[in-house]
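The chain contents come next:
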Amino acid sequence: MANVTFNSPLMEKDVTVYAIAGDTHTLLKVAQKNKIPLPFECEDGECGSCVMEVVYLSDKPRLGQALTEKERATLLAAGKLSKHDIHEAEVNDMPPSYRLACQYIVRDEDILVKFSGEPGVT
Ligand code: FES
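Only a predicted model underlies this, so the values are computations on that prediction, with no experimental measurement involved.

K.L.:
Quick one: what's the story with the overall build of the chain, residue by residue and with numbers?
P.N.:
When helices and strands are tallied, the chain shows three helices and five strands. Each helix and strand of the chain, ordered N terminal to C terminal, gives the series β-β-α-β-α-α-β-β. Computed over its C-alpha atoms, the radius of gyration of the chain comes to 13 Å, within 12% of the 14 Å expected for a compact globule of 122 residues. With the principal axes as the frame, the chain shows a C-alpha extent of 35 × 30 × 20 Å. In the chain, the proportion of contacts linking residues at least 24 apart, taken out of those at least 6 apart, comes to 74%. Total accessible area on the chain is roughly 6700 Å²; 51% of this is exposed by carbon and sulfur atoms. The centroid of the 13 positive side-chain charges in the chain is displaced by 2 Å from the centroid of its 19 negative side-chain charges.

K.L.:
Please provide a residue-by-residue account of the pairing of strand 1 (residues 2-7), values included.
P.N.:
Across five bridges, strand 1 lies against strand 2 (residues 15-19) in antiparallel orientation. Bridging from a neighbouring strand, V4 pairs with V17 of strand 2. Of the strand pairs in this sheet, strand 1 and strand 5 (residues 111-114) are connected by four bridges, and their pairing is parallel. Looking across to strand 5, one finds that F6 is bridged to V113.

K.L.:
Tell me what's going on with the sheet that holds strand 2, and back it up with residues and numbers.
P.N.:
Two pairing modes exist for strands in a sheet, parallel and antiparallel, and in both the strands are linked by backbone hydrogen bonds. Read from one edge of the open sheet, five strands run 2-1-5-3-4, paired in mixed fashion. Looking at strand neighbours, the two that pair on one side only are strand 2 and strand 4 (98-100), the edges of this open sheet. On average, each strand axis in the sheet is inclined to that of its neighbour by 35°, with strand direction left out of account. Bridge count between strand 3 (residues 51-56) and strand 5: four bridges; the pairing is antiparallel. Residue pairing in the sheet places E53 in a bridge with K114 of strand 5. Where helix 2 (residues 69-77) meets the sheet, it contacts strand 3 and strand 4, and its direction lies at approximately 125° from that of strand 4.

K.L.:
Could you give an account of a nonpolar patch on the surface, naming the residues involved and the relevant values?
P.N.:
Taken together, the side chains of M1, Y18 and I20 make up a nonpolar region of the molecular surface, amounting to roughly 410 Å² of accessible area. Looking at where Y18 falls in the secondary structure, it is placed in strand 2.

Conventions adopted
Within each chain, residues carry numbers counting from 1 in the order of the written sequence. Whole-chain, interface and lining totals are the exception, using all residues; otherwise, since this is a predicted model, local features are given only for residues with pLDDT of at least 70 and side-chain atom pairs are given and counted only at 80 or more. Where side-chain values are given, they derive from all heavy atoms of the structure, hydrogens and water being excluded. Put simply, DSSP marks the helices as runs of H or I at least four residues long and the strands as runs of E at least two long, and each gets a number from the N terminus on. Two things to know: the radius of gyration comes from C-alpha atoms, and the globule rule equals 2.2 Å times the number of residues to the power 0.38. Note on contacts: a residue pair is in contact if any heavy atoms of the two residues lie within 4.5 Å. Working definition of accessibility: Shrake-Rupley area with a 1.4 Å probe, residue cover restricted to the visible protein chains. Only four residue types enter the tally: Lys and Arg on the positive side, Asp and Glu on the negative side; His and the chain ends are excluded. Think of each charge as sitting on NZ of Lys, CZ of Arg, CG of Asp or CD of Glu. Strands qualify as paired when DSSP identifies two bridges or more between them. To obtain each axis, a line is fitted to C-alpha atoms, and for helices this fit is confined to the stretch in contact; angles are then taken between N-to-C directions over 0 to 180 degrees. Patches draw on residues past 30% relative accessible area with no salt bridge. Two like charges within 9 Å are joined, as are two nonpolar side chains (Val, Leu, Ile, Met, Phe, Trp, Tyr) within 5 Å. Each salt bridge in this description consists of a side-chain nitrogen of Lys or Arg and a carboxyl oxygen of Asp or Glu lying within 4 Å of one another.

Following this line, the structure appears as structure tokens:
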């Protein structure tokens, strides 16, 4: 089980939901199921509408997770990946702070998800 807290100026207050880690649902699906107004369009990692910032809240060390080539390319095009982020993602499988909700698989980690509500803007 992972606690996922959504934060956005679109919402009156933060909303925390319990997500079952490893059930292969994306964070976008978790948001949709819980009526969180996270923007999206393609649902395939290409448009960048669902970009969000992920803050890890667990005391445990972060779990490694490789970026898909599609997510990497979209985040790069949006200027959301620094050289350090790319190095960490490629060498250590440490995901960057900015992710695409439609590509992010929920893990057994408590996270805070921040999004502006404007497609492609964090
Ligand atoms: Fe298009 Fe996620 S909805 S990249």
